[in-house]
Every structure is written in C-alpha cells, then in structure tokens.
Amino acid sequence: MRALRARGKVVRALVRPGSDASGLPKEGVEIVRGDMLDPPSLTNAMSGVSAVVSSAIGYSRRRKGDSLKTDFDGNRNLVDAAKRSAVPRFVFLSILACDQAPNVPHFWAKKVTEDFLQQQGVPFVSLRPGAFLGAPSGRYREWMLAGLQKGQVMGMTQGGVRMTYIAPDEVARALAMAVDEPRALGLRIDLGSDRPLSGEELTELASRLLHRPMRLRTMSGGGMRLAALFSPGIRGMLEMTRFFQTGKYVADTRLQGELFGPVPKVEDAAHRMLQDLGLLPVKAAG
Ligand SMILES: NC(=O)c1ccc[n+]([C@@H]2O[C@H](COP(=O)([O-])OP(=O)(O)OC[C@H]3O[C@@H](n4cnc5c(N)ncnc54)[C@H](OP(=O)(O)O)[C@@H]3O)[C@@H](O)[C@H]2O)c1
C-alpha cells in the first residue's frame, strides 16, 4: 500500500472484520470491511476502482480457521467480483514456478487463479516472485532472529541447488508499477534478484555481511517429516522444500528488468534484512 501511495495512487484496502486497520488512515488509505470468502462484500469494495491488487492468502494461517480455501475459493470470488464490476485490471501476487508444482497446494492455488483470470477474460497481470528475503513480522521474526544469533542460516536448498530470493520491498514496488504499466497486461512475470543462490551461498553471504562464520540449517529434517504426518500445513511446506530442491525455482528476470527497471542485487536484499533485524547498523541518511 505504501508503494502505491508513493506513486500518488488513491488506495482502498479490503480489511477483514475484526482485523486491526488503525494504522491505515494515517497512510492515507481508505478502509472497506470485507472478506474474500464473503462474495457480497467484494462487490462493494471494488466499486469504481481502476485496479484490484490481490496478495491475500489463507495458507499462512494468520487466524484460527484460515486455510487454503481462501487461496482457491477466495481468489475465485475476487475474480468473479472483478468481472461483475468490470474492473479494468487485476494485479495478482502469485508465486514463481507455481505452474510446475502441482504437489505444493499453495503454489497450485496461484496457478489455478491465474488460469481462472484468463478464462474469465479479466484483464490481469500476474507477478511471480521468488522466496522473500526480508525480516518477517510476528513470531517468525523472533524465530529467525534467534537462529541467526546462534549462527544458523535457514536455507531452503542444499547440495549446491540454487533458488531465487527477492526483497519484499522490491515485490511491493513491482506490484505498484503493475497497476498501470501497459506492457504488463496479460503477462505472468517472474520477479527475482540478480542471481539465484544455493543454501551454501546464502550462508556464505550472511557470514560475509555479519563478519562471522555461519552454518546452514535446512527445513527438511526428520522432525518436519514427522510433523507433516499430522499437519496439512507442514505437509505443504515439506512439499515446497522438495520442489525447491528440484532447482526449478529460479526466475527469468529479463521481463522484470524491461518493465520495472534494474533487477536488484541479492546482496542488497540480504543486507537490508539484517539491518531490519537489528543485526547490522543502519547508516543515517545524508
Ligand atoms: N513469503 C514468501 O517467500 C513469498 C514468496 C512468493 C510469493 N509470496 C506471496 O506474497 C503474498 C504475501 O505473503 P505474506 O506472507 O506477506 O502473507 P501474510 O502476512 O500471511 O498476509 C496475508 C494477508 O491476507 C489477508 N487475508 C487472509 N484471509 C483473508 C480473507 N479471507 N479475506 C481477506 N483477506 C484475507 C490477511 O488479513 P488479516 O490481516 O485479516 O489476517 C493478511 O493481510 C502472498 O500472496 C504470498 O503467496 C510470498
């Protein structure tokens, strides 16, 4: 939303009933209450807009009861509402290589939604970023920070297999540009950094930036496999790490460079993430 406001756009946010939106009015964002699983609320939210931007997901299970239903049915409801309201453009935040990962449910939901946008004739742009290399919020922040402080880098691949990472700010910047970039219409566009990294290379990069030896930890251990037997969410994450290990999660960034400007360096993403986590100093501007 900040990236859209920075481009001078008037922004309306769809916020679920009960979610805290108190920070939005001071950012100049209008709030409409609604839910992707409540179709009538969506028509109201879309009235008069020049573009819809959708990044919402249920698979991260922020609320009790959240599930992949949001990613499949919720996105379908959004597309239906956009069609009814004749929205001129639907900017969809997808996932890199989602069309090659039928065993990863939250990736496949993105591919299904992209196809539905196309079938319904809703003018769309789909952005497909690699894995976010940024400081998360909430409980994941503490978990990531604790790991790094113990000298561990959480990598998603091992054995030299490379994958694409990108700073979340860069994704937001591209989303904000995609609302009115004429050349982007109808395209599914990979987003990434200047080069993919293996888990070992990510660990080396962190060691270099932090000036201390770090070691790679991966998410595919026995504990996770056991937990996956009982939790569909963890099963999805395990399937995702298996997919990363195929080496197919690598962005072709040529189109990104043409449409959204120079492809950012992966070093910059890692540096900013470590700054945001308070592990590297932030230089004062000027
Ligand atoms: N993390 C990565 O590495 C990565 C890589 C590629 C793409 N992506 C994509 O990036 C996007 C953002 O990911 P994230 O981790 O930042 O997501 P997140 O923090 O889990 O946020 C999800 C958002 O969806 C909203 N939401 C959930 N269910 C909803 C519903 N039924 N109706 C309306 N809104 C609903 C939530 O609202 P509340 O505030 O009410 O909970 C929340 O604002 C996703 O599309 C994800 O697939 C992420």
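The structure we're discussing is the one just above.
Residues numbered from 1 in each chain as written. Predicted model: local features only at pLDDT ≥ 70, side-chain atom pairs only at ≥ 80, totals over all residues.

This part is about the site of the ligand. In the neighbourhood of the ligand, 21 residues make up the surrounding shell, with Ser 19, Met 36, Ala 56, Ser 60 and Phe 132 lying closest. For the shell around the ligand, the secondary-structure elements that each account for two or more residues are helix H3 (68-84) and strand E6 (131-132). Tallied by class, the residues present in the shell around the ligand amount to 10 nonpolar, six polar and five charged. (Near = placed C-beta within 6 Å. Helix = DSSP H or I, 4+ residues; strand = E, 2+ residues; numbered from the N terminus. Nonpolar A, V, L, I, M, F, W, Y, C, P; charged D, E, K, R; others polar.)

What follows covers the packing of helix H7 (residues 199-210) against helix H11 (residues 266-276). Relative placement of two packed helices is described by the angle separating their axes and the distance separating the axes. Between H7 and H11, the least distance of the axes is 10 Å, while the angle of their chain directions is 55°. Here H7 lies oblique to H11, going by the angle between them. Judged by the twist between their axes, the crossing of H7 over H11 is right-handed. Residues Leu 205, Ala 206, Leu 209 and Leu 210 of H7 touch H11, and the partners they reach there are Glu 267, Ala 270, His 271 and Leu 274. Its residues assigned to classes, the contact of H7 with H11 comprises six nonpolar, one polar and one charged. (Axes fitted to C-alpha atoms, helices over the stretch in contact; angles between N-to-C directions. Parallel < 35°, antiparallel > 145°, perpendicular 65-115°, else oblique. Left-handed = near helix turned anticlockwise from the far one by under 90°. Contact = placed C-beta atoms within 7 Å.)

The strand order across the open sheet built from four strands is E3-E4-E5-E10, with neighbouring strands paired in parallel fashion. Whereas interior strands pair on both sides, the edge strands pair on one side only; in this sheet they are strand E3 (52-54) and strand E10 (188-191). When the angles between neighbouring strand axes are averaged without regard to direction, this sheet yields 15°. Relative to E10, strand E5 (residues 124-129) runs parallel, the two sharing four bridges. By the bridge assignment for E10, Ser 126 is matched with Arg 188. Contacting E3 and strand E4 (90-93), H3 crosses the sheet at an angle of about 175° to E3. (Pairing = 2+ DSSP bridges.)

Even without being a glycine, Arg 61 presents a positive backbone phi close to 50°. Looking at Arg 61, the number of C-beta atoms within 10 Å reads 13, which means it is partly exposed. (Buried ≥ 20, exposed ≤ 12 C-beta atoms within 10 Å, placed from the backbone.)

Attention now goes to H3. Counted at 1.5 Å a residue, the expected span for H3 with its 17 residues is 24 Å, and the 24 Å between its end C-alpha atoms agrees. Roughly 30° is the biggest bend found in H3, and it falls at Gly 74. Taken together, the buried positions of H3 are Thr 70, Asp 71, Gly 74, Asn 75, Leu 78, Val 79, Ala 81 and Ala 82. Phi turns positive one or two residues past the end of H3, at Ala 86, with a value near 50°. (Expected span 1.5 Å × (residues − 1). Bend = angle between axes of the 7 residues up to and from the residue.)

One can describe the packing of helix H8 (residues 222-230) onto helix H9 (residues 232-244) by two numbers: an axis separation of 6 Å at closest approach and a directional angle of 135°. One way to sum up the angle between H8 and H9 is to call them oblique. In this structure, the crossing between H8 and H9 has a hand that is left-handed. Each of Met 224, Arg 225, Ala 227 and Ala 228 in H8 lies in contact with H9, whose residues at this interface are Ile 234, Arg 235 and Leu 238. Split into classes, the residues belonging to the contact of H8 with H9 amount to five nonpolar, no polar and two charged.

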